[in-house]
Structures are given as structure tokens and as C-alpha cells.
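Commentary on secondary and tertiary structure
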Amino acid sequence: MTTAAVLTAAGSGSRLGRDIPKGLVTVGGTPLVRWAASSLASVCERIVVTAPADAVGAFADAVAGVSARVDVVAGGASRQASVALGLSALADLDARDAVLVHDAARPFMPVAVFGRLLDALESHDAVIPVLPVVDTIVSGVGGDVRYLSRPTLGAVQTPQAFVWGALREAHARAQAEGFEATDDGAIAQRYGFRLGTVEGDPLGAKITYAEDVEAAEQRMGR
């Protein structure tokens, strides 16, 4: 069985206050996209990186030498569109192969989580890593506020793992129906595929703001 990955990196760095794509922002002198691709290469034979159309060459340079086959393709207007384009580059996979869908904005997710995801994929079509919610959460802010039951809530992370045939079908049906979701687990679940969860990791937190980069630098002792 082949294990492959789609690594989305087509986002801008505007919220980081940078004038380069987020995936090219460096921590410890290494671009975020390379951190993420290098981790994925520990379990994946193939990786497809989706990058801004005008920065494909720069991203190819950033991941050169990673110990897996890495192809860089232009991403789409949304994350979901970028994932779909990445999946197109993996069209020759077998239906039972495994595909991880990851974000370059979560470059420091421990490899142990990858293992948990792939193990759980033996009994599910799709698996997502989840962290317990530690804050009290409400809905209806600005209107009819409702407190949600914290023990039943979790924060979803990436990478997420899928049986290739299930993910391909789910994305095709979502495109045909015009269904949009913020992650691929939601797409798989919508079309009846078995969705499981594993424990995530706080180190897989998303890098969104400049202080997130600063915190990552500090963890590295720089």
C-alpha cells in the first residue's frame, strides 16, 4: 500500500505581516512548507504541495531534497479547491492507498500522530486528529448566546488520513453538489464514509499570527 500526502500551502502570509506566502515564512531558518514536508516524508512515499500559482518555483526550491517524491502544483482559490487539485496529481493511486491531507501552517505536528492516524485508517475510511477543548465555548455571540457542552467538543487538526478511493469520491460529490467545508473530514462524513478520531497534539497548533512564529522560534531556543 502506498501512503501519499497533499500538503496545502497556497495561503498568503498577510496575517503574519509578511509579503511572502505563509509556507515560505521561516522558523529556525527553514520554511514552514519544508518543515511539514520533511515530517510527512517519514511516512509518505509521495507528497503533492499546493502553492500559489506565482510561487510554484519558489516552493519547489523550498522542498528540494526532501526524502520523498515531492511535486508542487498551483493551488486554487480556496483550501478545498487546492486539496482537489492536489488529489488530481495523485490520480494514479490505488483505491485502497492511504492519503494524508495536511496544512503547511501546522508544520510541527509530531510524527507519532501520523502513526495513530494510519493505524486507525485500518478500520475507518477517514480519520481526524482532535484535541479536547479546554475553554468554555458559547455559540450565538452577539445574539442568543448558548453554552455548549465542553466534554463533547474537540478542536480538529491536520493531517487527516483517508482511504484514497473514499476521499476521491467525497471530493467529486462535493464538487458536483457545490458543498463547501473547512476540512476534508467533514466532506467524507457528509457522503457517508466512516469517520474516526485519534488524539491530536498541541504542537500541531496552526501558525496564523506573527506571535505564533515567535513562539515557535522560542521553542527552538533561538
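The preceding data block contains the structure.
These lines cover the structure that appears in this document, whether it is placed above or below. (Residues numbered from 1 in each chain as written. Predicted model: local features only at pLDDT ≥ 70, side-chain atom pairs only at ≥ 80, totals over all residues. Heavy atoms only, no water.)

Right, let's get into the side chain of Ser82. With respect to the element layout, Ser82 can be found in helix 3 (residues 79–88). Looking at Ser82, the relative accessible area reads 2%, which means it is buried. (Helix = DSSP H or I, 4+ residues; strand = E, 2+ residues; numbered from the N terminus. Buried < 20%, exposed > 50% of the residue type's maximum accessible area, 1.4 Å probe, protein only.)

Side chains on a regular strand alternate between the two faces of the sheet. Within strand 6 (residues 98–103), six of the six residues are buried, which leaves it mostly tucked inside the rest of the structure. Both faces of strand 6 are covered, namely the face carrying Ala98, Leu100 and His102 and the face carrying Val99, Val101 and Asp103. In this structure, strand 1 (residues 3–8) lies alongside strand 6, joined through six bridges in parallel fashion. What sits directly across from Leu7, in strand 6, is His102. Pairing analysis gives four bridges linking strand 6 to strand 11 (residues 160–163), with the strands arranged antiparallel. Residue pairing across strands places Val99 opposite Phe162, the latter belonging to strand 11. (Pairing = 2+ DSSP bridges.)

Attention now moves to the packing of aromatic side chains. On inspection of all chains with the given rule, the structure shows two aromatic pairs. On the basis of an interplanar angle of 90° and a centroid distance of 6.4 Å, the ring pair of Phe179 and Tyr191 is categorised as edge-to-face. Of this pair, Phe179 sits in the loop between helix 5 (164–177) and helix 6 (184–190) while Tyr191 sits in the loop between helix 6 and strand 12 (195–199), placing them twelve residues apart in sequence. Judged on exposure class, the residue Phe179 and its partner Tyr191 are both buried. We note Arg190 situated over the ring of Phe179; from NZ or CZ to the ring centre the distance is 4.1 Å. (Phe/Tyr/Trp six-rings, centres within 6.5 Å; stacked < 30°, edge-to-face > 60°. Lys NZ or Arg CZ within 6 Å of the ring centre and 35° of its normal.)

The subject of this paragraph is the packing of helix 3 against helix 5. Put simply, helix 3 and helix 5 touch, their axes get as near as 11 Å, and they point 130° apart. Comparing the axis directions of helix 3 and helix 5 gives the class oblique. Here the hand of the crossing between helix 3 and helix 5 comes out left-handed. Together, Gln80, Val83, Ala84 and Leu87 of helix 3 and Trp164, Leu167, His171 and Ala174 of helix 5 make up the contact between the two elements. Split into classes, the residues belonging to the contact of helix 3 with helix 5 amount to six nonpolar, two polar and no charged. (Axes fitted to C-alpha atoms, helices over the stretch in contact; angles between N-to-C directions. Parallel < 35°, antiparallel > 145°, perpendicular 65-115°, else oblique. Left-handed = near helix turned anticlockwise from the far one by under 90°. Contact = heavy atoms within 4.5 Å. Nonpolar A, V, L, I, M, F, W, Y, C, P; charged D, E, K, R; others polar.)

Below, the discussion takes up the side chain of Asp183. Among the secondary structure elements, Asp183 is positioned in the loop between helix 5 and helix 6. No salt bridge is formed by the buried Asp183; the nearest opposite charge belongs to Arg79, separated by 6.8 Å. A polar contact of 2.7 Å, which involves the side chain of Asp183, links it to the side chain of Gln160. Aside from chain neighbours lying at most four places away, what touches Asp183 is Arg79, Ile128, Val156 and Gln160. (Lys, Arg positive; Asp, Glu negative; His and termini not counted. Salt bridge = Lys/Arg side-chain N within 4 Å of Asp/Glu carboxyl O. Polar contact = N/O pair within 3.5 Å; in protein donor to acceptor, adjacent residues only side chain to side chain.)

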